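The residues making up each chain are set out below.
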Amino acid sequence: MINSNVVIIGGGAAGLMCAIEAGKRGRSVTLIEHEEKIGKKILISGGGRCNFTNKYSSPDNFISGNPHFCKSALANYTPENFTKMVEDYNISYHEKKLGQLFCDNTSKQIVSMLESECRKYNVNIIANCRINKILLNTRFELESSNEKISTDSLVIASGGISIPKMGASDFGYQVAKQFELNLTEIRPGLVPLILNEKDRNNYSLLSGISIDSIVSCGKIKFRENILFTHKGFSGPAILQISSYWKGGKPVSINLLPEINLFEILLKNHSSKIELTNFLAAYFPKRFAETFCKVNFNPAPLYNYSQKELRNISDIIHNWIIHPSGTEGFEKAEVTIGGVDTNELSSKTMESNKVKGLYFIGEVVDITGWLGGYNFQWAWASGFAAGQYV
Ligand code: FDA
């Protein structure tokens, strides 16, 4: 029988941070992981280099039913706090772009750092362990595939359900249901979009081409690259907008955000140059050819009327696509939605209804943008709970 002040279920970013902080306070901490090793998502993150935070992280970079909920935790554990730990461990890092901090070498260094901190504060990590039942009497009594476990503070840090082959499970949602906590609707986020069949056939030859664009859905817009895939679109701008996209909504793409194409077309109106060749000065040739073939009747510029030039410019600056769906949880970097923030204290992450029960990290209805924000939420919410468990 294990008897511990704190039991954390899930050895990912949030669970490890919470374990370290509770350990620092002298609490006895047991961390349960059902996979054979901890931190699997950290290892694969950022293409193996872990984009561990974002220098400019602010509440505006998060999606939630309650946009205010994340404020307290983010203010109490900042990107500088995590970066300081990274520096203390002599892990070299760089800013790739837009405040995104990545390891110079490998994400293994982040997992090793968190493991070392856990060792320093005597956190008992048990991998390959399944929790079969949770009972609440005067304490939480857990039946596991190993020993029975008893604790006063139970922290659920089991993440969302994206990338099931990395150990993701719906365990956290099941625990919330067991204790009658509300869940918001979940859906895949930071995920490639699939085009309808007609567009997929039209553009599938463009797979691999990437174009700097402004992508918008409703009032939300992102400027970064889009990437054509066999099924539709990916690339950072598309992944970002996918978190705001819901079935049926159109997505607008400005393929030439830097220039006013209509003005340039007008200046060249008397030119004999063919539209495709003209556009090939601004885009990869393969894209110019396919896009012109699908959308326009390629001809020399002098052949078009002003109205037609306006139409060409409008389509390129405001290309409307109608995605038929996303590539789903198999390919999503995050799960949007989860444990309703109205059920939790924003200061401690403890359930308002069930004393001693905490939810942290991605299992909560807080989702960050692409670019290190999701880890920042995991660290910050883990830190918050770690001060109270
Ligand atoms: P996380 O999923 O990390 O950890 C949950 C842990 O609980 C896992 O170890 C899991 O095995 C375990 N678990 C699940 N069910 C259990 C059960 N029943 N019993 C015991 N254990 C259980 N973010 C970012 O900021 N920068 C980046 O570079 C990236 N890159 C990235 C790449 C890819 C491919 C993906 C899929 C995701 C990212 N992310 C990211 C997102 C980021 O990885 C994610 O938001 C955090 O890992 C969430 O941390 P959590 O600790 O909440 O869950």
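Residues numbered from 1 in each chain as written. Predicted model: local features only at pLDDT ≥ 70, side-chain atom pairs only at ≥ 80, totals over all residues. Heavy atoms only, no water.

Bringing the overall build of the chain into the picture now. Along its length, the chain carries 13 helices and 21 strands. By its C-alpha atoms, the chain is 85 × 45 × 35 Å across when sized along the principal axes. A total of 389 residues make up the chain; the buried ones form 55% of that total. Across the chain, the fraction of contacts at a sequence separation of at least 24, relative to all contacts at a separation of at least 6, is 71%. Surface summary for the chain: the accessible area is close to 17000 Å², and the carbon and sulfur share equals 48%. Each charge class in the chain can be summarised by its mean position, and for the 41 positive and 37 negative side chains these summaries are 2 Å apart. (Helix = DSSP H or I, 4+ residues; strand = E, 2+ residues; numbered from the N terminus. Buried < 20%, exposed > 50% of the residue type's maximum accessible area, 1.4 Å probe, protein only. Contact = heavy atoms within 4.5 Å. Areas by Shrake-Rupley, 256 points an atom, 1.4 Å probe, with all protein chains shown as cover. Lys, Arg positive; Asp, Glu negative; His and termini not counted. Charge placed at Lys NZ, Arg CZ, Asp CG, Glu CD.)

This next bit is on the site of the ligand. By nearness alone, 31 residues border the ligand, and Ala14, Glu33, Ser169, Glu362 and Phe375 come closest of all. With respect to the ligand, the backbone of Ala13 contributes an N or O atom lying 3.1 Å from an oxygen atom. Residue Glu362 places a side-chain N or O atom 2.7 Å away from an oxygen atom belonging to the ligand. Contact with the protein chains covers 93% of the free accessible surface of the ligand, which is 1000 Å². Going through the elements one at a time, helix 1 (13-24), helix 2 (40-48) and helix 13 (373-386) are the ones with two or more residues in the shell around the ligand. Here the shell around the ligand is composed, by residue class, of 12 nonpolar, 14 polar and five charged. (Near = heavy atom within 4 Å. Polar contact = N/O pair within 3.5 Å; in protein donor to acceptor, adjacent residues only side chain to side chain. Nonpolar A, V, L, I, M, F, W, Y, C, P; charged D, E, K, R; others polar.)

Turning our attention to the environment of Val175. Within the fold, Val175 resides in helix 6 (residues 171-178). For Val175, a relative accessible area of 2% translates into the label buried. Sequence separation between Val175 and Met1 is 174 residues; the distance between their C-alpha atoms is 22 Å. Each residue touching Val175, except ones within four places of it in the same chain, is listed here: Ile134, Ile156, Leu357 and Phe359.

To continue, consider the sheet that holds strand 6 (residues 100-103). Taken in spatial order, the three strands make up an open sheet running 3-6-5, and their pairing is antiparallel. Two strands in the sheet have a free side with no partner beyond their single neighbour: strand 3 (51-54) and strand 5 (93-95). On average, adjacent strands in this sheet sit at an angle of 25 degrees to one another, irrespective of strand direction. Both strand 5 and strand 6 contribute to a ladder of three bridges, which runs antiparallel. Following the sheet pairing, Tyr93 is matched in strand 6 by Cys103. (Pairing = 2+ DSSP bridges. Axes fitted to C-alpha atoms, helices over the stretch in contact; angles between N-to-C directions.)

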